[in-house]
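Breakdown of the fold
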Amino acid sequence: MVVKYETKNLKCFLCKDGKGQLHHQIFEKGNDIPIIIYVDRHTMHLSDRFPLVASEYEFYDEVCEIIKLLVDMEG
């Protein structure tokens with residue numbers, strides 16, 4: 001895995017799945033289970049730990065920052 005982006009509380013890694021397809025995984029620092037798996041601007045998988053109301057997530061602003069960066073990178 002390659003660190004793609006980092007905030008105060010989150011890290012984003014570029015990864016490959018079992019079929020070799022690229023995606024990004026967003027982790028809380030100190031936790032080895034991703035909170036979000038970002039495939040592309042149309043597909044994102046949220047962990048069960050992610051609250052139903054996204055804005056209630058402790059690091060919501062940081063998640064938004066990373067997602068915006070990833071979307072912008074897609075063009």
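For the structure, check the block above.
Here's a quick rundown of the structure. Only a predicted model underlies this, so the values are computations on that prediction, with no experimental measurement involved. (Residues numbered from 1 in each chain as written. Predicted model: local features only at pLDDT ≥ 70, side-chain atom pairs only at ≥ 80, totals over all residues. Heavy atoms only, no water.)

**Focus: the pairing of strand β5 (residues 43-46)**
Relative to β5, strand β4 (residues 36-40) runs antiparallel, the two sharing four bridges. Bridge pairing links Tyr 38 to Met 44 in β5. Between the antiparallel neighbours β4 and β5 lie two residues. (Pairing = 2+ DSSP bridges. Helix = DSSP H or I, 4+ residues; strand = E, 2+ residues; numbered from the N terminus.)

**A few points about the packing of aromatic side chains**
Throughout the structure, instances matching the rule amount to three aromatic pairs. Through a chain of ring-to-ring contacts, three or more aromatic side chains come together here, namely Phe 50, Tyr 57 and Phe 59. (Phe/Tyr/Trp six-rings, centres within 6.5 Å; stacked < 30°, edge-to-face > 60°.)

**Overview of the side chain of Ser 47**
One can find Ser 47 in the loop between β5 and α1 (60-74). Exposure remark for Ser 47: the relative accessible area of 18% places this residue in the buried category. Setting aside its immediate chain neighbours within four residues, Ser 47 contacts Pro 34 and Ile 35. (Buried < 20%, exposed > 50% of the residue type's maximum accessible area, 1.4 Å probe, protein only. Contact = heavy atoms within 4.5 Å.)

**Here's the deal with the side chain of Glu 28**
Position of Glu 28 relative to the elements: it lies in strand β3 (residues 22-28). If we ignore the near neighbours within four places in the chain, the residues touching Glu 28 are Asn 9, Leu 10, Ile 35, Arg 49, Tyr 57 and Phe 59.

**A word on the pattern of salt bridges**
When the charged atoms of two side chains lie near each other, side chains of opposite charge can form a pair. In this structure the tally under the stated criterion is four salt bridges. The partner of Glu 6 in a salt bridge is Lys 29, with the nearest N and O atoms 2.8 Å apart. Note that Glu 6 is positioned in strand β1 (residues 2-6) and Lys 29 in the loop between β3 and β4, a separation of 23 residues in sequence. Accessibility expressed as a relative area gives 37% for Lys 29, which makes it partly exposed. (Salt bridge = Lys/Arg side-chain N within 4 Å of Asp/Glu carboxyl O.)

**Topic: the nonpolar core**
Of all hydrophobic cores here, the largest spans 13 residues; its most connected members are Leu 10, Ile 26, Ile 35, Ile 36, Tyr 57, Val 63 and Ile 66. Those elements that place two or more of their residues in this core are β2 (10-16), β4 and α1. Looking at this core, the element that brings in the most residues is α1, giving four residues. Beyond its immediate sequence surroundings of up to four residues, Ile 66 is in contact with Tyr 5, Thr 7, Leu 10, Cys 12 and Ile 26. (Core = buried A, V, L, I, M, F, W, Y, C linked by side-chain atoms within 4.5 Å.)

**Some thoughts on α1**
Across its 15 residues, α1 extends 21 Å between first and last C-alpha, which sits within 8% of the 21 Å expected from 1.5 Å per residue. Inspection of α1 places Glu 62, Val 63, Ile 66, Ile 67 and Leu 70 among the buried residues, and these make up the whole buried set. All buried residues of α1 fall inside an arc of 130° around its axis, so they share one side. Facing away from the buried side of α1 by over 90 degrees, the exposed positions are Asp 61 and Lys 68. Phi turns positive one or two residues past the end of α1, at Gly 75, with a value near 95°. (Expected span 1.5 Å × (residues − 1). Arc of directions from axis to C-beta.)

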